Amino acid sequence: MNGNGSVISVRGLRKSYGTFEAVRGISFEVQPGEVFGLLGPNGAGKTTTVEILEGLRQRSAGETLVLGYDPGLETRQIKDRIGVCLQATNLPDKIKVHEALELFSAFYSRNTDNKKLLERLQLTEKRNEYYSKLSGGQKQRVALALALVNDPQLLFLDEPTTGLDPQVRLEIHGLIQELRDAKRSILLTTHYIEEAERLCDRVAIIDEGQIIEIGSPREIQQRTLGTSLIEIQCEQPVPAGDPPPFLNGETHEFSADRKSLTVHSAHPARAIVDIVKWIDQLGIGLADIHLKRPTLEDVFIQLTGKRLRE
Amino acid sequence: MNAYTAQAAINVKLTFRDRTVIFFNYLFPLVFFFIFAQLYHAEQGGAIIQVLTMVLSIGILGSGFFGAGIRAVQEREANILRRFKVAPISAAPMLFASLLTGLLNFLPSAVMMLLLSHYIYGMAFPDRWLSLLIFVAIGAVAFRSIGLMIASVVNSMQESQIVIQLIYFPMLFLSGTTIPISIMPNWVQIIAHFIPATYLMTGMQSILGHKESLAQNAEPAGALLLTTVLATFLGVKLFRWEKEEKISGASKLWLLAVLSPFLLLGTYQAYTKTDVTKARVLNRDILRDRNVLIRNVRIFIGDGRVIESGAVLVKGGKIAHVYDGAAPDPKELKAEAIEASGKTLLPGLIDVHVHLAAPGGFSDSASDYEPGKTMPRALAAYLYSGITAVKSVGDPLDQILKVRTLVNSGERLGAELFTTGPMFTAAGGHGTEYFKNLPEQARKAAEDQTVRTPQTPDEARQQVDVLKQRGVDGIKTILEAGQAGMLFNRMDVNILRAIAEESRAQQLPLVIHTGDSRDVADALSAGTRGIEHGSARDKIPDELFAQMKAQGVAYDPTLTVLENLTALINGSSDPLERPLVLQSAPAALLDSTKKFLQSDKGAKMRDQMKLYHLNMDAAKDNLRRAWQSGVMLVTGSDAGNPLTLHGPTIQREVELWVEAGIPPAVALQAATYNAAKLLGQENRIGLIQEGHDANLLLVDGNPLKEIKQIESIQSVMLKGERISRSELFEQE
């Protein structure tokens with residue numbers, strides 16, 4: 001644990017490769033039990049930041065402390081205590097699942113019950129399978145299992161679902177949620193908005209080596225652009241004439257057949273009540289109502305003027 | 001389990017699951033094993049050692065460069081190492097695991113090859129099997145460490161392929177692994193000794209073939225170990241876990257550091273050439289260890305017996321069996337068959353009287369008098385002519401001993417050499433006249449090497465003892481006073497007696513050069529094993545021959561030198577025109593000799609020589625009566641004297657004997673069994689008999705009927721090696 005109670009503490013972190021500055025003064029802290037996300041496009045500096053914290057790379061400037069150790073100096077202590085799930089790693093084709101776990105267990109000073117670990121990751125049935133015979137999701141579960149063989153207090157998950165099918169991605173999300181419930185601290189990098197929204201307690205949005213926004217996903221959304229989108233489908237066209245009685249400066253537009261209405265509102269809960277009442281008074285049948293909150297994607301576009309997955 | 005044992009254990013498991021590993025470690029060498037075995041006729045003898053070591057070396061190189069090197073790069077490129085990077089381990093357990101795995105994979109394969117060599121090709125189990133296995137293990141680990149080191153300094157698979165091919169191919173082709181280095185040009189042999197695999201090959205062959213221990217191969221083993229340490233250390237230091245991490249091109253130079261033990265060893269070898277020598281000897285041993293069956297041949301056993309149609313089986317350089325009549329199927333005997341009907345097989349001929357340092361001709365070129373060059377060339381000329389052993393009786397001691405080692409070890413091909421070193425004579429006696437015109441210092445040096453002139457019996461004894469310590473094969477003493485016009489001081493008989501006694505005590509056969517019958521009488525009373533020359537001036541009384549027979553003394557009339565000196569006096573160059581002489585003597589020497597004979601110098605020499613009374617008839621008469629008296633006769637030529645060129649000396653000698661009325665069988669026995677007996681070697685050479693060295697001369701026709709046939713050489717074998725006669729003079 002770091003002096004201030006955080007598991008990760010980063011101040012003014014910089015990393016240059018020659019003249020190229022990949023990380024330009026990043027600061028954040030991760031609290032015990034927290035799932036902290038680094039969200040940003042490829043090349044934003046997420047992986048560089050994480051690898052510095054894992055002790056794999058030397059920083060150019062700034063202060064970092066991980067579990068009370070300096071990752072630039074006390075690499076071995078940090079490696080021994082953290083769990084890491086890297087993107088795009090492999091194991092030898094002919095290694096069996098349980099052998100991989102046993103092998104990696106031998107590298108750490110602290111171990112966990114591998115049998116239970118396999119069970120928790122639903123790998124018990126596959127324990128005698130060769131690595132090359134596993135599906136993408138199973139391989140990723142093995143990667144997670146390997147990150148857990150030393151029962152780490154702090155986990156680094158670098159793009160844990162990149163390249164996986166949506167179905168498998170959900171599976172992995174479930175596992176990460178379990179880890180979060182077990183109060184493990186997690187630093188997660190991703191360029192998937194849903195992943196950050198769904199899994200992270202707090203998120204730092206990184207672009208071009210800098211944090212441009214930090215906070216819980218909800219806070220960020222509200223702070224940056226506070227309007228939600230309400231879509232209403234009516235059974236008959238809404239007659240032309242009086243506009244709906246909006247109170248908070250909402251804007252709206254009708255579709256050409258005047259059967260659907262889109263409303264932008266900063267207080268969508270209040271607005272929905274008003275709209276439903278109004279339609280009811282007009283004697284028109286309400287077919288459907290849909291509330292769309294602004295996503296981090298929208299936030300990102302708002303902040304940087306570009307899409308995440310460009 | 002700690003990181004080392006866990007990584008090693010899984011690595012071993014994984015490689016045994018990997019079919020390509022099984023293929024390259026076991027099946028691949030097996031294929032090569034059988035291909036090489038067939039190519040080198042491993043079933044017919046000692047080539048199996050070569051085949052086995054070649055295949056082991058191929059296996060070790062493959063395991064090192066591909067099993068360890070390429071594989072390590074593959075694991076990095078496949079992002080496997082990356083996973084290990086985040087674990088709290090260094091590269092050391094990874095490298096250790098690879099070294100150990102290579103060893104555990106390779107040793108069973110090596111043992112398998114060893115067993116196949118034994119059970120299929122009849123190779124003897126290595127006496128030093130532990131030394132062999134340890135040496136092989138050191139080699140396997142060393143080359144793996146080099147492979148891993150290469151993986152650590154290359155950036156991509158493509159780069160690794162280039163670097164590995166650059167190192168692998170020279171190791172494969174210039175180290176003896178696929179082509180014996182002893183057949184390569186000299187400059188390639190020098191390059192070869194900068195290549196680690198060369199030492200791997202000679203080390204394994206020495207332990208297998210020469211029954212050497214690991215300690216005797218400490219040099220190559222030490223260099224391999226040092227390379228292992230350097231390569232492993234640098235391999236760990238420069239290890240990279242991810243393909244994205246690049247290393248500078250200059251770091252490839254660390255490879256030179258890893259190979260530095262061999263750069264040093266190579267430089268050392270370029271000066272000493274001890275390993276080149278070793279490689280030549282090892283290769284010679286392999287060439288000598290062939291199974292050959294010479295069949296349907298007339299066999300002159302050597303001691304007078306003749307098998308009219310029989311066969312001789314040669315195995316391991318020795319005569320394994322002599323068949324009277326038909327021999328079994330050569331396939332059954334696992335021998336190569338030589339059809340020899342109409343031919344006669346004799347033991348290799350022996351010349352018991354030569355002076356190798358003298359050229360036998362005349363030359364203006366100083367190099368024709370350079371013993372280091374001319375003596376090995378002369379021995380090659382003898383071997384070319386089917387003379388498989390010669391005895392030098394008066395040559396510079398240091399050089400003749402050097403040449404004896406050079407040729408008798410098998411490093412150079414030539415007739416087996418026996419030597420007395422210098423000759424004993426009186427101060428101012430015969431033998432000293434060659435040096436009397438030299439400047440003081442050169443004269444002293446030459447005399448020191450070539451003659452011994454003891455002043456007292458004690459000094460004589462002491463000189464015999466010193467020669468014994470130097471390792472001479474016998475003692476030669478000159479006892480003659482010369483004749484009118486060419487007088488010499490004659491050795492004091494008390495000194496002669498002392499030499500004879502001490503020679504007997506030291507078990508050195510003594511031969512005494514005599515000029516006339518008085519010398520023969522004194523020599524016999526002093527006690528000698530052989531009379532050289534006898535007399536070409538007077539008649540040796542029958543009583544002396546009777547005494548010779550009684551004492552078992554050999555008589556060597558050296559008629560050849562008489563004939564040739566007579567030719568010189570008559571200005572004839574006939575001795576140079578004999579076909580075998582033309583084939584075996586250096587062409588330049590023949591030319592310069594002919595020119596000399598026609599020159600003023602030649603004429604002057606002829607005039608001086610006319611003072612000699614060389615009486616061939618007297619010499620022949622003495623020989624005939626020696627034979628009639630039952631004296632043991634031996635053949636010597638005194639080659640090195642003017643016009644007696646080194647080469648087919650004994651052919652001419654026996655022809656002269658037959659002219660003198662000696663039956664061909666008697667002459668040929670003198671040239672084989674009897675000569676061997678005088679050398680004290682009759683249990684090893686001079687006979688076609690089971691257990692004897694396979695020194696054989698195959699001639700066309702029947703020399704027992706027509707002695708001239710002894711010049712129709714079909715084939716010569718020395719210690720089991722069929723001599724490629726045409727290549728004898730191309731040896732460097």
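Everything numeric here is computed off the predicted structure, so don't read it as measured data. (Residues numbered from 1 in each chain as written. Chains lettered and ligands numbered in written order. Predicted model: local features only at pLDDT ≥ 70, side-chain atom pairs only at ≥ 80, totals over all residues.)

Novice: For this particular structure, what's the right way to read the nonpolar core?
Specialist: What tends to happen in soluble globular proteins is that the nonpolar side chains get buried as a cluster. Formed by 160 residues in total, the largest nonpolar core has its most connected members in A100 and A145 of chain A together with V51 of chain B. No other element matches helix α3 (residues 47-77) of chain B, which puts 15 residues into this core. Ignoring anything within four residues of it in the chain, the contact list for A145 of chain A reads L101, L117, L118, L121 and L123 of chain A. Y382, V654, W657 and I685 of chain B belong to the second largest nonpolar core, which has 128 residues in total. (Core = buried A, V, L, I, M, F, W, Y, C linked by C-beta atoms within 7 Å. Buried ≥ 20, exposed ≤ 12 C-beta atoms within 10 Å, placed from the backbone. Helix = DSSP H or I, 4+ residues; strand = E, 2+ residues; numbered from the N terminus. Contact = placed C-beta atoms within 7 Å.)

Novice: Hey, could you run me through the packing of helix α1 (residues 3-17) of chain B against helix α5 (residues 92-121) of chain B in this one?
Specialist: Packed helix pairs are characterised by how far apart their axes lie and by the angle those axes make with each other. Residue and element names in this part refer to chain B. At a minimum axis separation of 8 Å, α1 and α5 run at an interaxial angle of 45 degrees. Accordingly, the angle class assigned to the pair α1 and α5 is oblique. For the pair α1 and α5, the sense of crossing is right-handed. From α1, A3, Y4, Q7, A8, N11, V12 and T15 reach across to α5, where they touch P93, M94, F96, A97, S98, L100, T101, L104 and N105. (Axes fitted to C-alpha atoms, helices over the stretch in contact; angles between N-to-C directions. Parallel < 35°, antiparallel > 145°, perpendicular 65-115°, else oblique. Left-handed = near helix turned anticlockwise from the far one by under 90°.)

Novice: Quick question: what am I supposed to make of the interface of chain B and chain A here?
Specialist: Frequently, the measure chosen for interface size is the accessible area that the parts lose on association. Between chain B and chain A, the contact holds 18 residues from the first and 20 residues from the second. For the side of chain B that touches chain A, the secondary-structure elements that each account for two or more residues are α1 and α4 (80-85) of chain B. Top element by residues in the side of chain B that touches chain A is α1 of chain B. It accounts for five residues. Split by residue class, the side of chain B that touches chain A holds eleven nonpolar, two polar and five charged. (Nonpolar A, V, L, I, M, F, W, Y, C, P; charged D, E, K, R; others polar.)

Novice: Can you walk me through helix α13 (residues 371-384) of chain B in this structure?
Specialist: Because the α-helix completes a turn every 3.6 residues, residues three or four places apart line up on one side. Residue and element names in this part refer to chain B. Here α13 contains 14 residues, and its C-alpha end-to-end distance of 19 Å stays within 8% of the 20 Å for a straight helix at 1.5 Å per residue. Residues of α13 that are buried include every one of P371, T374, M375, P376, R377, A378, L379, A380, A381, Y382, L383 and Y384, and no others. Tucked into the core, α13 has its buried residues touching β6 (349-354), β7 (387-392), α14 (397-408), β8 (416-419), α21 (579-584) and β19 (713-718). G386 sits one or two positions beyond α13 and adopts a positive phi of about 80 degrees. (Expected span 1.5 Å × (residues − 1).)

Novice: Would you take a moment to explain helix α9 (residues 268-282) of chain A for this structure?
Specialist: All names here are of chain A. Taking 1.5 Å per residue as the helical rise, α9 with its 15 residues ought to reach 21 Å, and the 21 Å between its terminal C-alpha atoms agrees with that figure. Looking at α9, one finds that the buried residues are P268, A271 and I275. Here the buried residues of α9 occupy an arc of 55 degrees about the axis, which is enough to place them on one side. Of the exposed residues in α9, the ones pointing more than 90 degrees away from its buried face are A269, V273, K277, D280 and Q281. Among the structural elements, β10 (228-234), β12 (260-265) and β13 (286-292) are those in contact with the buried residues of α9. (Arc of directions from axis to C-beta.)

Novice: Would you explain the environment of G527 of chain B in this entry?
Specialist: Residues and elements named next belong to chain B. The topology assignment puts G527 in the loop between α18 (517-526) and β15 (530-532). A tally of 17 C-beta atoms within 10 Å means that G527 is categorised as partly exposed. Dropping the residues within four chain positions of it, G527 is found in contact with A500 and R504.

Novice: Teacher, can you tell me more about the sheet that holds strand β1 (residues 8-17) of chain A here?
Specialist: By definition, the strands of a sheet pair up through backbone hydrogen bonds, in either a parallel or an antiparallel sense. All names here are of chain A. Spatially, the three strands line up as an open sheet ordered β2-β1-β4, and their pairing is antiparallel. The open sheet terminates on both sides in strands that have one partner only, identified here as β2 (20-30) and β4 (61-66). In this sheet, neighbouring strand axes are inclined to one another by 25 degrees on average, regardless of whether the strands run parallel or antiparallel. Both β1 and β4 contribute to a ladder of five bridges, which runs antiparallel. Note on β4: the bridge partner recorded for V10 is T64. Here helix α1 (residues 46-53) sits on the sheet and contacts β1, β2 and β4; the angle it forms with β1, its principal contact strand, is near 115 degrees. (Pairing = 2+ DSSP bridges.)

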